[in-house]
Amino acid sequence: MPTEWSSDKNIAFRTPLAGQGWSSPVIADGRIYVTAAVPQNQEADAKATEYALTLIILDAKNGDLLKSVPLMEQTAEKSHKIHKKNSHASPTPIVDGDRVFVHFGYQGTACVDLDGNLIWQNRDLFFKPVHGNGGSPILVDGKLIFTCDGASDPKVVALDAETGKVAWEVERPNDAKKKFSFCTPSLIIVDGQKQVIAPGSDSVLAIDPSNGNVIWQLLYSGYSVIPKPIYHQGLVFLSTSYDTPSMLAIDPTGSGDVTETHLKWSIKRNVPHTASMLAHEGLIYSISDGGIAICVDAQTGDVIYTKRVGGGFSASPVLVDNKIYYTNESGVTTVIATGREYNVLAENDLGERTLASAAVDGNALIMRTADAIYRIEE
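Presented here is an overview of the structure given in this document. (Residues numbered from 1 in each chain as written. Predicted model: local features only at pLDDT ≥ 70, side-chain atom pairs only at ≥ 80, totals over all residues. Heavy atoms only, no water.)

1. A short note on the pairing of strand S29 (residues 332-337)
Counting buried positions along S29 yields six of six residues, so the element is predominantly enclosed. Bridge analysis of strand S28 (residues 323-327) against S29 gives five bridges, and the strand direction is antiparallel. For Thr 327, the partnering residue across the bridge sits in S29 and is Thr 333. What sits between S28 and S29 in their antiparallel hairpin is a turn of four residues, with Gly 331 showing a positive phi close to 95°. Linkage of S29 to strand S30 (residues 343-349), two consecutive antiparallel strands, is achieved through a turn of five residues, within which Gly 339 is found at a positive phi near 125°. (Buried < 20%, exposed > 50% of the residue type's maximum accessible area, 1.4 Å probe, protein only. Helix = DSSP H or I, 4+ residues; strand = E, 2+ residues; numbered from the N terminus. Pairing = 2+ DSSP bridges.)

2. Let's talk about the sheet that holds strand S26 (residues 303-308)
If you trace the four strands from one edge of the open sheet to the other, you get S23-S24-S25-S26, paired in antiparallel fashion. Each edge of the open sheet carries a strand with a single partner, namely strand S23 (278-280) and S26. Neighbouring strand axes in the sheet, compared pairwise and without regard to direction, differ in orientation by 15° on average. Two strands pair when backbone bridges link them, and S23 and strand S24 (residues 283-287) are joined in this way by three bridges, in the antiparallel orientation. By the bridge assignment for S24, Leu 278 is matched with Tyr 285. (Axes fitted to C-alpha atoms, helices over the stretch in contact; angles between N-to-C directions.)

3. Notes on the pattern of salt bridges
For the coordinates displayed, the defined rule picks out 11 salt bridges. For Glu 169, the salt bridge goes to Lys 155, with nearest N and O atoms at 3.2 Å. Of this pair, Glu 169 sits in strand S13 (residues 166-171) while Lys 155 is found in strand S12 (residues 155-160), placing the two residues 14 residues apart along the sequence. Ionic pairing is found between Arg 375 and Glu 377, a salt bridge with its closest N-O pair at 2.9 Å. Judged by relative accessible area, Arg 375 falls into the buried class, the value being 0%. (Salt bridge = Lys/Arg side-chain N within 4 Å of Asp/Glu carboxyl O.)

By themselves, these figures tell us nothing about what the structure is for.
Encoded structure:
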């Protein structure tokens, strides 16, 4: 994959995108799938209050727009105020076989075929959001699992992937003062048992995906949790996000409340509020919202290095071929080598605002900016 590019170097295509959205691109069978909220009542110098929540399908090789499929109408009555760094289409889709699962947080979830034809839709889980939608679902054994952490009654929900009906719901067991969070769960396997790791405000749950039973929980202080947890060398790593984030390393072999027994280590400096972490060969890499990269020993929590990359960061980093791609909100990607020394290989500027995480398609990087989608390829 390229380590060097610019707006006119190593660009296979740049395709403008309608509407607004920070869902990350997903590639399957030669196609790119992204979502967007397309304004429906926007006049000059006026802010839209109604949107068509839309699935956009592009050709992955040449960037041609194949189809734009409006899936849901977001009316003014349910068009809640969002954070300035959010969009009305932030959760990332999932492609599995001949189906695409498209999620718009509190607005609802839909399943379509690869051409965008509707199979089912569920808009029964509406809740009052804070700052808009965020976390993406994961697909586990025929269940679409996601968090519903809004202003009140936070919970984790599983939908039957065949029908869209609710399979189970798990209420958060703790009464957090600020209940809203935006985390994408992660699937891990511990001693042969599947666990869905679902952080939220003031707690993380490990849930049995087959029935919704809570295997273990760990309490902490934090809300508006965004980074997706990762699993490496037998430990779960997560960030507690706002106000003062901690990076936690948790042993996931316990049961019940493991707050006092299964936290292996924690650190509190330069931990990300937003971007997810990476794990590779015993090291944890992360980038703070303020642009500080750290490398941490996974087993001990010892900080190997701390380096200022520069800029504000929301997109999660990507690891390819022992290289880490850190993209800041201005569209500058810093490429560093993995390892215990901070080694910058390149800096590349697209010159466009970028909050979506990049995707990889063979030897190409697929990047979404505020206005377009790029294929970066030598």
